[in-house]
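Spelled out, the chains give:
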Amino acid sequence: MEPNSSSNDNNKMQLQHHSSCLEIATMEVHRVVPPRHKSTIEKLKTRLKETFFPDDPLRQFKGQPLGKKWILAAQYIFPILEWGPNYSFKLFKSDIISGLTIASLAIPQDSSFVPPLVYTVLGSSRDLAVGPVSIASLIMGSMLRQEVSPTQNPVLFLQLAFTATFFGGLVQASLGLLRLGFIIDFLSKATLIGFMAGAAIIVSLQQLKSLLGITHFTNQMGLIPVMSSVFHNTKEWSWQTILMGFCFLVFLLLTRHVGTKRPKLFWVSAGAPLVSVILSTLLVFAFKAQHHGISVIGKLQEGLNPPSWNMLKFHGSHLGLVMKTGLITGIISLTEGIAVGRTFAALKNYQVDGNKEMIAIGVMNIVGSSTSCYITTGAISTSYAFLRSGNNSAFSRSAVNHNAGAKTAVSNVVMSVTVMVTLLFLMPLFQYTPNVVLGAIIVTAVVGLIDVPAAHQIWKIDKFDFLVMLCAFLGVIFISVQEGLAIAVGISIFKILLQITRPKTVMLGNMPGSDIYRDLHHYNEAMRIPGFLILSIEAPINFANTTYLNERILRWIEEYEAEENLNKQSSLRFVILEMSAVSAIDTSGTSFFKDLRKAMEKKGVELVLVNPLAEVLEKLQRSDDSGDFKRPDSLYLTVGEAVASLSSTIKAPSANYV
């Protein structure tokens, strides 16, 4: 008796719910209006604008006199003309402090002063402190070393590095000019986090050569070859080098910790690298440590950066290599530079134009390739030894620049002038700088690239993204830098393809006492309506997913019929497709709807569409020769109105629904 009693109670509840739905049937039903007719030219114009000009950069010129337009155009191309006329001595005091601070980071790393000047004129970020990064150096060094040895053929290696820089800058500037910046979005946050963490470990492992005093070290970048080289050459380990490296590494890590925990003491971590270089150089000079197992940099070339346009090679067997290297390093450095610029712009509540940044960084690197510089996201190091070993630090210069109170890009000018003075007069002082200290500086810098909290956050939010991050990380460590990056990007694209080819569809139910319809699996109180199968399609419909959608919807119908225990005559009368999330459709999509309608007619089921967007509705009606998608009873604005209008055609409600 108890099961029958429970079943009767359930039937009563269902009948009451159906009665409430019938009461809603008196609501006003709004007519679906066809979209306003647009010519093909209008549609193409709108599409191109939204694709390439989402920020509408020309809006500032509207309604302006001709003279004002010329001024705005000059300011748009050269942002320095916008803020330069209002520059004051008060701003300069802040910029000179921040410029000297970031110069203390730049001097131990690089000796270039030309690219920062270019960025000052063309860049739109006030806080981006352009400078070398280890990631671009690592990729460029590892890719070029596949075909050319930097020790056996140093001149050719430099020629390829400068040429790759030129192509990298060309790619960056072209992306900005053609407004194709969305391409760099394929490098997701998860990919970059895993990639940079793996690269940080590889860069750190490469420093074991200088930290242990090993002279015969592998040129390979993988974890296994590096560790094998370390332990196969234990006889070359120098205790003097290890002791000095350990002391300075601890000192640098402590100062970094202080700067991280207490932002007001940023100058402690900012000045630590330069202090380490000066102190270690004095120790080596005083105790003649170069004769006791401590390797030093040796004599460095004085003077300004020599021109290098005559070293660019646009022919020969290595052309393909330098083009590929320039493409990869250009996109990687561009992604990092724009991300950093936008981060600090958000903190100070101003806008950074991504396309202008691409042009600025691209032109900067093109000029840099002609002034003995190789590619980074900003100013670029001319230290051949750094490039040869992949030893280029990725200090968070922009964070230091921001904390030091930088107000404009003039801080880059101050840094550039300081580096220029060093090139002209102070280079001999670095002759006795030990390589072990440079290795310690680099390890300290790249440690910040390993973002464990961000990895944990990705794990909590999206396991698939965590897999992408892990593949990038392991690929860089165990295979190579470029292969690891390619694997991660490939998996990310595969994820996008899955989302396109397998769009999400959910079954909707009515929230009792309302005309609101929500996912049945999300809201337990939502109830199915007798005679209705209400589905929501949550993706554009195109050739890549029409087969899946057809099969999935028919399976929804079969499952509905199975639940009703009816093999030949189903109580299902209407299939309602909620299409608010279907933003686009192609010709395969329109054919899908026509085929689906025919299949349902054979089952005695009517297909009803709810809230198709303008573009979708227009294409459906143009492809509909029979006029089925123009009938008022096949198109509704809301699911509630559709159910209310169509419920009156159902004579006897079914009580068999979940």
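Quantities reported herein were computed from a predicted structural model and do not represent experimental measurements.

Participant: Can you help me understand the overall build of the protein chain in this one?
Facilitator: Along its length, the protein chain carries 26 helices and 6 strands. For the protein chain, the residues scored as buried account for 50% of the 658 residues in total. A fraction of 80% describes how many contacts in the protein chain between residues 6 or more apart in sequence connect residues 24 or more apart. Total accessible area computed for the protein chain in this model is approximately 32,000 Å², and 62% of it derives from carbon and sulfur atoms.

Participant: Looking at this model, I keep getting lost on the packing of aromatic side chains. Mind explaining?
Facilitator: Between two aromatic rings, the relevant description is the distance of the centres plus the angle of the planes. Counting across every chain of the model gives 10 aromatic pairs. Residues phenylalanine 166 and phenylalanine 167 carry aromatic rings whose centres are separated by 5.9 Å and whose planes lie at 80 degrees to one another, so their mutual orientation is edge-to-face. Taking 5.2 Å as the distance between ring centres and 70 degrees as the angle between the ring planes, the aromatic pair formed by phenylalanine 166 and phenylalanine 314 counts as edge-to-face. Highlighted residues: phenylalanine 166 in helix H8 (residues 154-177) and phenylalanine 314 in the loop between helix H13 (266-287) and helix H14 (319-347), separated in sequence by 148 residues. Grouped by ring-pair contacts, the aromatic residues Phe166, Phe167 and Phe314 constitute a single cluster. Here the guanidinium or amino end of lysine 288 rests over the ring plane of phenylalanine 285, the centre of that ring lying 4.9 Å away. Sitting over the face of the ring of tryptophan 556, arginine 552 holds its NZ or CZ atom 4.0 Å from the ring centroid.

Participant: When you look at a nonpolar patch on the surface in this model, what are you seeing that I'm missing?
Facilitator: Taken together, the side chains of Phe182, Ile183, Phe186, Ile493, Ile496, Leu497 and Ile500 define a hydrophobic patch exposed on the protein surface, amounting to about 560 Å² of accessible area. Tracing the chain through its elements places leucine 497 in helix H22 (residues 481-501). For leucine 497, a relative accessible area of 45% translates into the label partly exposed.

Participant: Could you clarify how one ought to interpret the pattern of salt bridges in this entry?
Facilitator: Oppositely charged side chains can pair when the atoms bearing their charge come close. With the rule as written, the count across this model stands at 8 salt bridges. The shortest N-O distance in the salt bridge between aspartate 465 and lysine 495 comes to 2.9 Å. One end of the pair, aspartate 465, is in helix H21 (residues 463-478); the other, lysine 495, is in helix H22, and 30 residues separate them in sequence. Under the relative-accessibility criterion, aspartate 465 is labelled partly exposed at 24%. According to the relative accessible area criterion, lysine 495 is buried, its value standing at 17%. What you see here is one network of salt bridges that share partners, running through Lys43, Glu618 and Arg622.

Participant: Would you explain unusual backbone geometry in this entry?
Facilitator: The backbone of arginine 179 shows a phi angle near 55 degrees, a positive value even though the residue is not glycine. The residue arginine 179 is located in the loop between H8 and helix H9 (189-206) in this model. A relative accessible area of 8% means that arginine 179 is categorised as buried. Of note, lysine 288 is a non-glycine position whose phi angle comes to about 50 degrees, a positive value. Take lysine 288: it is sitting in the loop between H13 and H14.

Each value, and the rule that gives it
One numbering rule holds for all chains: residues counted from 1, following each sequence as written. For this predicted model, a pLDDT threshold of at least 70 governs which residues receive local features, and a threshold of 80 or more governs which side-chain atom pairs are given and counted, while totals over whole chains, interfaces and linings are taken from all residues. Hydrogens and water molecules were not included; the side-chain quantities draw on all heavy atoms of the structure. For the purposes of this entry, the term helix denotes a DSSP run of H or I that reaches at least four residues, the term strand denotes a run of E that reaches at least two, and both are numbered from the N terminus. Under the scheme applied here, a residue whose accessible area is under 20% of the maximum for its type counts as buried, over 50% as exposed, and between as partly exposed, the area being computed with a 1.4 Å probe on protein chains only. A contact between two residues is defined here by any heavy atoms of the two lying within 4.5 Å. Note on areas: Shrake-Rupley, 1.4 Å probe, and residue coverage restricted to the protein chains presented here. The aromatic pairing rule takes the rings of Phe, Tyr and Trp, using the six-membered ring of Trp, and pairs them if the centres are within 6.5 Å, calling planes under 30 degrees apart stacked, those over 60 edge-to-face and the rest tilted. In our convention, an over-ring charge means Lys NZ or Arg CZ found within 6 Å of a ring centre and within 35 degrees of that ring's normal. The patches reported here contain residues having more than 30% relative accessible area and no salt bridge. Joining distances are 9 Å for like charges and 5 Å for nonpolar side chains (Val, Leu, Ile, Met, Phe, Trp, Tyr). Salt bridges are identified by distance alone: a Lys or Arg side-chain nitrogen within 4 Å of an Asp or Glu carboxyl oxygen.

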